[in-house]
Amino acid sequence: MGISIIFSNSGDADCILIKQMLERIPKEVIGSFIEIKKGEEIPYYDMIKAMHEEKDTILFIGHGTLYGMLSPDLMEYMVWESHFIDHVKADRVILWWCYASEFINQGHLTHHLKSSEILATGMFISNAAEATMEKITATQEEIDKTNTSIYEMLVNMMVSTNTLDGWVDNFQKSIHPDNEIDVFNKSRIKYYKYVEEIGG
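Residues numbered from 1 in each chain as written. Predicted model: local features only at pLDDT ≥ 70, side-chain atom pairs only at ≥ 80, totals over all residues. Heavy atoms only, no water.

1. Points about the overall build of the chain
Move 1: What the chain contains, in helices and strands, is nine helices and nine strands.
Move 2: Taking 2.2 N^0.38 as the reference for a compact globule, 200 residues should give roughly 16 Å; the C-alpha atoms of the chain span a radius of gyration of 16 Å, in line with that estimate.
Move 3: Along the first, second and third principal axes, the C-alpha atoms of the chain reach 45 × 40 × 35 Å.
Move 4: The proportion of buried residues among the 200 residues of the chain is 49%.
Move 5: Look at the contacts in the chain between residues 6 or more apart in sequence, and 69% of them connect residues 24 or more apart.
Move 6: For the chain, the exposed surface amounts to about 9600 Å²; the carbon and sulfur share of it is 52%.
Move 7: Between the centroid of the 17 positive side chains of the chain and the centroid of its 31 negative side chains there is a distance of 3 Å. (Helix = DSSP H or I, 4+ residues; strand = E, 2+ residues; numbered from the N terminus. Rg over C-alpha atoms; globule rule 2.2 N^0.38 Å. Buried < 20%, exposed > 50% of the residue type's maximum accessible area, 1.4 Å probe, protein only. Contact = heavy atoms within 4.5 Å. Areas by Shrake-Rupley, 256 points an atom, 1.4 Å probe, with all protein chains shown as cover. Lys, Arg positive; Asp, Glu negative; His and termini not counted. Charge placed at Lys NZ, Arg CZ, Asp CG, Glu CD.)

Structure representation (structure tokens):
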């Protein structure tokens, strides 16, 4: 089993939590680990090489929109639709950025990306301003505590051999109904499976 990781690290509070989480993954199961920080040139050659070579699990994690995953300075896309379809070869693909599920849906990527399974997050609250935007009252401390537990679950599942639909099921079953951040973030984690387009 192998895991390759492409991490767009903006250096904000959420990315600090993500970095701490990623450091807990056993080094012996990591294939490629590509971390891009603010001010650094995006290593497209290394990214494409990792996408081609990883046949098991690949994780894209950082900030993004329905159009793709953003660079650390949030000024350009470093993963976008055609780039993604052309290069990803892994059986299991994890897209962990805001509106990654819409990135899959709007591009009909389940018809084009021939990975066996895809897990993608929807809007993911990582700070108090985003919580307020979603009409949820929560402090940054409360949000960080909730998201730390979510990231811990992600790490534990990444080193398992369970299927991605099983991961999503685990997230849904672990929702704490009295924690609005937990409900919001976990309920928007979605599972997709490759579907061959009829006539395609």
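From this point on, the discussion continues.
2. Observations regarding helix H7 (residues 140–158)
Move 1: The end-to-end C-alpha separation of H7 is 26 Å, in line with the 27 Å expected for 19 residues at 1.5 Å each.
Move 2: Where H7 is concerned, the buried positions are Ile143, Thr146, Asn147, Ile150, Tyr151, Met153, Leu154, Val155, Met157 and Met158. (Expected span 1.5 Å × (residues − 1).)

3. Concerning the pairing of strand S2 (residues 30–37)
Move 1: Inspection of the sheet shows strand S1 (residues 3–9) paired to S2 by six bridges, in the parallel sense. The residue of S2 that forms the bridge with phenylalanine 7 is glutamate 35.
Move 2: For the crossover that starts at S1, traverses helix H1 (residues 13–22) and ends in the parallel S2, the hand is right-handed. (Pairing = 2+ DSSP bridges. Right-handed = clockwise from strand over helix to strand, strands pointing away.)

4. Digging into the sheet that holds strand S3 (residues 57–61)
Move 1: Pairing in this open sheet of six strands is mixed, and the strands run S2-S1-S3-S7-S8-S9 from one edge to the other. If you trace the sheet from one side to the other, it starts and ends with S2 and strand S9 (189–193), each paired once. Adjacent strand axes in the sheet meet at a mean angle of 10° when their direction is disregarded.
Move 2: Judged from the four bridges that link them, strand S7 (residues 92–96) and strand S8 (residues 117–121) form a sheet pairing that is parallel. Residue pairing for S8: arginine 92 is matched across the bridge by glutamate 117.
Move 3: Along the sheet, H1 makes contact with S1, S2 and S3, crossing S1 at roughly 160°.
Move 4: Of the strands in this sheet, S7, S8 and S9 are in contact with helix H8 (residues 164–173), which crosses S9 at around 160°. (Axes fitted to C-alpha atoms, helices over the stretch in contact; angles between N-to-C directions.)

5. A word on the side chain of threonine 57
Move 1: Residue placement: threonine 57 occurs in strand S3.
Move 2: Taking the relative accessible area as the measure of exposure, threonine 57 reaches 0% and is therefore buried.
Move 3: Here threonine 57 is in contact with Gly2, Ile3, Ser4, Ala90, Arg92 and Ile94, once residues within four sequence places are set aside.

6. Brief notes about the side chain of asparagine 9
Move 1: Summarising the element assignment, asparagine 9 is placed in strand S1.
Move 2: Using a relative accessible area of 11% as the deciding quantity, one classes asparagine 9 as buried.
Move 3: A distance of 2.8 Å separates polar atoms of two side chains, one belonging to asparagine 9 and the other to glutamate 35.
Move 4: Beyond its immediate stretch of four places on either side in the chain, asparagine 9 contacts Cys15, Glu35, Ile36, Lys37, Lys38 and Pro72. (Polar contact = N/O pair within 3.5 Å; in protein donor to acceptor, adjacent residues only side chain to side chain.)

7. Comments concerning the nonpolar core
Move 1: Grouped together as the largest cluster of nonpolar side chains are 37 residues, with contacts concentrated most on Leu22 and Trp96.
Move 2: Only S1, H1, S3, S7, H7, H8 and helix H9 (180–187) provide two or more residues apiece to this core.
Move 3: It is H7 that contributes the most residues to this core, eight residues altogether.
Move 4: Contacts of leucine 22, omitting those with residues within four sequence positions, involve Ile5, Phe7, Phe33, Leu59 and Ile61. (Core = buried A, V, L, I, M, F, W, Y, C linked by side-chain atoms within 4.5 Å.)

8. Some remarks on the pattern of salt bridges
Where charged atoms from two side chains of opposite charge approach closely, those side chains can pair.
Move 1: Following the criterion strictly, the structure yields six salt bridges and no others.
Move 2: Of the charged contacts, one joins lysine 19 and glutamate 23 as a salt bridge, the two residues approaching to 4.0 Å between their closest N and O atoms.
Move 3: In this structure, glutamate 35 and lysine 19 form a salt bridge, with 3.3 Å as the shortest nitrogen-oxygen distance. In this pair, glutamate 35 is assigned in strand S2 and lysine 19 in helix H1, connecting sequence segments 16 residues apart.
Move 4: A relative accessible area of 22% means that lysine 19 is categorised as partly exposed.
Move 5: When salt bridges with common partners are traced through the structure, they connect Lys19, Glu23 and Glu35 into a single cluster. (Salt bridge = Lys/Arg side-chain N within 4 Å of Asp/Glu carboxyl O.)

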